Amino acid sequence: VGEKDSVHEIGDGVAANINMNGNTLSGSLNNHGETTITGGNYVGEYINNYGDMTVSDMELESGTAGDYAVIGRAGSTTVLNDVNVNAKGGAIAAADGAKVIFNSGNIGMKTPSTSGRYLFYAVGAGTEITINGGTFIGNNTLDHPLIYSSGGVIDIYGGFFECKGNGSPLNVADANRNTAQ
């Protein structure tokens with residue numbers, strides 16, 4: 001469904017329940033509504049969530065070296081259940097008061113990025129990422145932590161973390177380096 005370079009828009013106020021039935025969605029996705037996507041594959045540059053989105057039982061092949069695969073934007077809530085992400089850049093980001101909940105799945109990241117790409121990145125006051133479980137493997141070419149917060153909060157309740165390359169497996173650092181809680 002969709003072309004490689006297409007951008008799919010789900011409008012403000014739209015409630016969408018999309019069952020992929022094992023099919024593949026290609027292109028980029030901007031969600032402004034209340035959306036649930038289940039049971040398929042996604043291949044594209046990014047998923048931008050500005051609304052409320054739940055993604056379940058999905059394989060995501062996404063991101064570029066210069067961006068993140070899934071990005072929760074200001075005031076949005078993104079819930080990821082049994083989601084496997086193969087990220088070319090960063091994997092999961094939340095910004096400016098967004099909330100992201102990663103309940104289960106796997107994240108693999110291999111990036112040549114020189115500007116810092118992380119498995120989980122929280123930026124801005126009121127931003128929250130909750131990690132309830134999963135397997136998270138990063139392969140950084142530079143000395144970057146797997147998890148980074150700059151003004152946000154990242155709560156970790158479970159999961160297996162491994163870093164292949166020069167980064168640290170679980171080096172939580174904020175913008176002031178080593179003062180994160």
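Above this text is the structure in question.
Residues numbered from 1 in each chain as written. Predicted model: local features only at pLDDT ≥ 70, side-chain atom pairs only at ≥ 80, totals over all residues. Heavy atoms only, no water.

Caption draft 1: A look at the overall build of the protein. In terms of regular secondary structure, the protein is built from zero helices and 18 strands. Within the protein, buried positions represent 47% of all 181 residues. For the protein, the computed accessible surface area is about 8000 Å², with 47% contributed by carbon and sulfur atoms. (Helix = DSSP H or I, 4+ residues; strand = E, 2+ residues; numbered from the N terminus. Buried < 20%, exposed > 50% of the residue type's maximum accessible area, 1.4 Å probe, protein only. Areas by Shrake-Rupley, 256 points an atom, 1.4 Å probe, with all protein chains shown as cover.)

Caption draft 2: Main features of unusual backbone geometry. Positive phi values are uncommon outside glycine, yet asparagine 21 reaches one of about 50°. With respect to the helices and strands, asparagine 21 occurs in the loop between strand 2 (15-19) and strand 3 (24-26). Despite not being glycine, aspartate 82 has its phi angle at roughly 50°, a positive value. Within the secondary structure layout, aspartate 82 lies in strand 9 (residues 77-87).

Caption draft 3: Geometry of the sheet that holds strand 13 (residues 120-123). Judged by pairing direction, the sheet is parallel, and its seven strands sit side by side in the order 1-4-6-8-10-13-16 without closing on themselves. The sheet terminates laterally at strand 1 (7-10) and strand 16 (147-150), the two strands that pair on one side only. The average angle at which neighbouring strand axes cross in this sheet is 10°, direction not considered. Here strand 10 (residues 90-95) runs beside strand 13; their pairing, made up of four bridges, is parallel. Residue pairing across strands places alanine 95 opposite valine 123, the latter belonging to strand 13. (Pairing = 2+ DSSP bridges. Axes fitted to C-alpha atoms, helices over the stretch in contact; angles between N-to-C directions.)

Caption draft 4: Summary view of the packing of aromatic side chains. Within the structure shown, the criterion is met by eight aromatic pairs. Measuring from centroid to centroid gives 5.9 Å for phenylalanine 102 and phenylalanine 120, while their planes differ by 85°, and the two rings are edge-to-face. With phenylalanine 102 in strand 11 (residues 99-102) and phenylalanine 120 in strand 13, this pair connects stretches of sequence that are 18 residues apart. As far as the burial class goes, phenylalanine 102 and phenylalanine 120 line up, both buried. (Phe/Tyr/Trp six-rings, centres within 6.5 Å; stacked < 30°, edge-to-face > 60°.)

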